[in-house]
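Descriptive structure summary
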Amino acid sequence: AGAVGVSGDVLIDTGMSTLGNTGKMALTTGQATQGNSGAAVVTTGKTSTGNSGGAFVTTGDTFYGLTGNIELTTGAATTGDAGDIKLFVGKGDTSNGGDILVTSGETTAAGTVGGQVTITAGAGTSTDATDGGDGGDVVVTAGGGLWGNAV
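Below, the structure is looked at part by part. (Residues numbered from 1 in each chain as written. Predicted model: local features only at pLDDT ≥ 70, side-chain atom pairs only at ≥ 80, totals over all residues. Heavy atoms only, no water.)

Next up on the list: the overall build of the chain. The secondary structure content of the chain amounts to 0 helices and 0 strands. Sorting the 151 residues of the chain into buried and exposed places 0% on the buried side. When contacts within the chain are restricted to residue pairs at least 6 apart in sequence, long-range pairs at least 24 apart make up 0% of them. Surface exposure of the chain reaches about 14,700 Å², of which carbon and sulfur atoms provide 50%. (Helix = DSSP H or I, 4+ residues; strand = E, 2+ residues; numbered from the N terminus. Buried < 20%, exposed > 50% of the residue type's maximum accessible area, 1.4 Å probe, protein only. Contact = heavy atoms within 4.5 Å. Areas by Shrake-Rupley, 256 points an atom, 1.4 Å probe, with all protein chains shown as cover.)

All right, on to the environment of glycine 135 then. Given the relative accessible area of 47%, glycine 135 is considered partly exposed. Separated by 10 residues in the primary sequence, glycine 135 and threonine 125 have C-alpha atoms spaced 8.2 Å apart.

It is worth spelling out the layout of surface pockets at this point. The gaps left among the atoms become clear once a water-sized probe is rolled over them. Roughly 300 Å³ of internal volume is contained in the second largest pocket. Tallied by class, residues from the lining of the second largest pocket come to 5 nonpolar, 4 polar and 1 charged. (1 Å grid on protein atoms, 1.4 Å probe; cavity = no way out; pocket = protein on both sides within 12 Å on 5 of 7 lines; lining within 4 Å. Points joined across faces, edges and corners; volume = space filled by probe spheres on them. Nonpolar A, V, L, I, M, F, W, Y, C, P; charged D, E, K, R; others polar.)

Spelled out as structure tokens, the structure:
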């Protein structure tokens, strides 16, 4: 790829299967016995004109069976802090701000229940008799309007 124009693509495709499972694609970092494990990063490039590419994590459809899960998980910290999972929408300056949508699955099967949305804050589970810690907060805040516009 050159300095001007379009940089090269990196495509990873596990292929299609007409009978059975498709292949596994994994982006992982190794375990570190001392220090930090590496970062697994999916990033699209910047552009001065036009749209930047999208970053997508999608499981395939299935005719008979279970579609794959999408899990975002940070590792456990034995001596240290657990990592965060953060979702951010970038700022725009000519239109509305971007949305974050969380929607559970629907079902068309009789007598069943649609997917549940659960938000659970972390527990404070220290065994310290003086101060065992506190559970985390669940905070939901609506955006405000500038100059007194109603939310």
